[in-house]
Amino acid sequence: MMFRATARHPALILDDVRGAQKMLSGVARATALEGSRHLSELVGAPVHLKCENLQRTGSFKLRGAYVRISGLSPVERAAGVVAASAGNHAQGVALASSLLGVRSTVFMPVGAPLPKVAATQEYGAEVRLHGQVVDETLAAAQEYAERTGAVFIHPFDHPDIIAGQGTVGLEILEQCPEVRTIVVGIGGGGLAAGIAVAVKALRPDIRIVGVQAEGAAAYPPSLAAGHPVSLDNPVTMADGIKVGRPGDVPFGVIEELVDEVRTVTEDELSSALLLCLERAKLVVEPAGASPVAALLSDPEAFRGPVVAVLSGGNVDPLLLQRVLRHGMSAAGRYLSLRLRLTDRPGALATLLAALTVADANVLDIGHVRTDPRLGLTEVEVDLHLETKGPRHCEEVEAALRAEGYRVIG
């Protein structure tokens, strides 16, 4: 099967993806497909996780970058390559270039996480920090390419990139031939487009569902309009799929071959990341957890067996800490309360004893005596508690009220 070619959308066929697979032999790993009992029970059918978070460089990006750079002429290779990325594409281009003996320069935003900057440098790229947002970084990289003659390696808007990413789809069919639905995150669209080209050519009955973060969902309005539409200010913690405009080439494929594009909230992304860590023992970045978020948000919508593609695991430790807290809060595992007590010796100890009986773990506590809203003998206490879920939160609040405490927020 081939999607309809136009001047803007050159045709991609199964042979392109198969050729990429041969090219990547010994370079990219055939990543594991792990079953998830928890998600299987939720969906009511087998659910498997395609672990591209365990790929070299920590994401699928190496596949497309290596295929793209491999296709350069000797003259182009001598000029070097340049890319712009906040993380995953940067590392993919850096390693692919090093393996192929090509000089690489990677522009990254000034605020890019230090571990991603360090990893890109260690893979062999020269890193230049420029701009506060990826659009500014992208413009700087393109200007550098025009000025120096280096070849710009786009993260998703090129047929070779899409063919490389499509090898994920071939692996899924080999590892789980009975699959009925594939769920994959979408940013610019390279991964979803590549999987769609490979899978629909061999198994047109398989349903392919794309997932975007609600605050950075450029595909739904673009598909409705029939052409790529730009978002003014995409906002999401899932920086791997935080793309303001679909790529022209992947858009043509997705419009024709992807069955549905869904969106997920930040809370759902947080809960999905937490589930991957706790239940599957897999470190996954928010973008990589987006297919799991879609399964959690509407489990009955997916016909099994299902394969959810965990596209990457390059999450900054500081972000991981914040996301885990957010995910635990969304799952009802945190409870914040404000109480007013009589300001007398032992009052705080008595409160903590009541929380111990309720089996709530105190994470943080604030003790305010000087607020003008308080009475002369009153003190206000802010509590941040770790709980066992929404029902336990209700039980803790009920237990405090039963002990005579006044919960004011």
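Look a little higher up for the structure.
Attention in this report is confined to the structure presented alongside it.

Scoring rules and cut-offs
Residues numbered from 1 in each chain as written. Predicted model: local features only at pLDDT ≥ 70, side-chain atom pairs only at ≥ 80, totals over all residues. Heavy atoms only, no water. Helix = DSSP H or I, 4+ residues; strand = E, 2+ residues; numbered from the N terminus. Buried < 20%, exposed > 50% of the residue type's maximum accessible area, 1.4 Å probe, protein only. Contact = heavy atoms within 4.5 Å. Areas by Shrake-Rupley, 256 points an atom, 1.4 Å probe, with all protein chains shown as cover. Lys, Arg positive; Asp, Glu negative; His and termini not counted. Charge placed at Lys NZ, Arg CZ, Asp CG, Glu CD. Core = buried A, V, L, I, M, F, W, Y, C linked by side-chain atoms within 4.5 Å. Pairing = 2+ DSSP bridges. Axes fitted to C-alpha atoms, helices over the stretch in contact; angles between N-to-C directions. Parallel < 35°, antiparallel > 145°, perpendicular 65-115°, else oblique. Nonpolar A, V, L, I, M, F, W, Y, C, P; charged D, E, K, R; others polar. Disulfide = S-S within 2.5 Å. Salt bridge = Lys/Arg side-chain N within 4 Å of Asp/Glu carboxyl O.

Details of the overall build of the chain
A tally of regular secondary structure across the chain gives 16 helices and 14 strands. Counting across all 409 residues of the chain, residues that qualify as buried make up 54%. Across the chain, every contact between residues at least 6 apart in sequence was considered, and the portion connecting residues at least 24 apart equals 72%. By element, 51% of the accessible surface of the chain is carried by carbon and sulfur atoms, the whole surface being about 17,500 Å². Side-chain charges of the chain comprise 38 positive and 46 negative groups, with the mean position of each set lying 3 Å from the other.

Thoughts on the side chain of E171
For E171, the location among the structural elements is in helix 8 (residues 159–175). Taking the relative accessible area as the measure of exposure, E171 reaches 7% and is therefore buried. Other than its neighbours up to four places away in sequence, E171 contacts Q21, R29, A30, T31, K50, E52 and R63.

A look at the nonpolar core
Of all hydrophobic cores here, the largest spans 55 residues; its most connected members are I69, V81, V179, I182, I195 and V309. Among the elements that line this core, the one with the most residues is helix 9 (residues 190–202), at eight residues. Excluding its chain neighbours within four sequence positions, the residues that come into contact with V309 are K50, V168, I172, I182, V183, V184, L191, I195, G288 and P291. In terms of nonpolar packing, the next biggest core, distinct from the first, is built from 38 residues, A213, A272, C276 and L282 among them.

Considerations on the sheet that holds strand 6 (residues 151–152)
As summarised here, the arrangement of the four strands in space is 5-4-3-6, forming an open sheet in which the pairing is parallel. Strand pairing shows two members of the sheet lacking a second neighbour, strand 5 (126–129) and strand 6, which therefore form its edges. Direction of pairing for strand 3 (residues 81–84) relative to strand 6: parallel, over a ladder of two bridges. By the bridge assignment, V82 is partnered in strand 6 with F152. Strands strand 3, strand 4 (104–108), strand 5 and strand 6 of the sheet are contacted by helix 7 (residues 134–148), whose axis makes an angle of about 165° with strand 3.

Considerations on the packing of helix 1 (residues 14–23) against helix 8
It is at 8 Å that the axes of helix 1 and helix 8 come closest, and there the two elements cross at 90°. As the angle between them shows, helix 1 and helix 8 are arranged roughly perpendicular. Facing L14, D16, V17, R18, A20 and Q21 of helix 1, the residues of helix 8 in contact are A163, G164, G166, T167, L170, E171 and E174. By residue class, the composition of the contact of helix 1 with helix 8 is five nonpolar, four polar and four charged.

Description of the sheet that holds strand 1 (residues 33–35)
Ordered by their spatial adjacency, six strands build an open sheet running 1-2-10-7-8-9, and the pairing between neighbours is mixed. Looking at which strands have only one partner, the edges of the open sheet turn out to be strand 1 and strand 9 (260–264). Sheet twist, expressed as the average angle between the axes of neighbouring strands with direction ignored, equals 25°. Sheet topology places strand 1 next to strand 2 (residues 47–51); three bridges connect them, and they run antiparallel.

Here's the deal with the state of the cysteines
On inspection of all chains with the given rule, the structure shows zero disulfides. Cysteine C51 shares no disulfide, and the gap to the nearest cysteine sulfur, in C276, comes to 8.7 Å. C51 gets classed as buried once you look at its relative accessible area, which sits at 0%.

Topic: the pattern of salt bridges
The tally for this structure, following the rule as stated, stands at 16 salt bridges. As a salt-bridge pair, E126 and R128 come within 3.0 Å of each other at their nearest N and O atoms. Residue classification places R128 among the partly exposed positions, given a relative accessible area of 30%. In this structure, R401 engages E397 in a salt bridge whose closest nitrogen and oxygen atoms are separated by 3.3 Å. Residue R401 and its partner E397 are both found in helix 16 (residues 390–402); the two are separated by four residues, about one turn of the helix. Note on E397: relative accessible area 22%, which makes it partly exposed. Through salt bridges with shared partners, a single ionic network connects K50, E52, R63 and E171.

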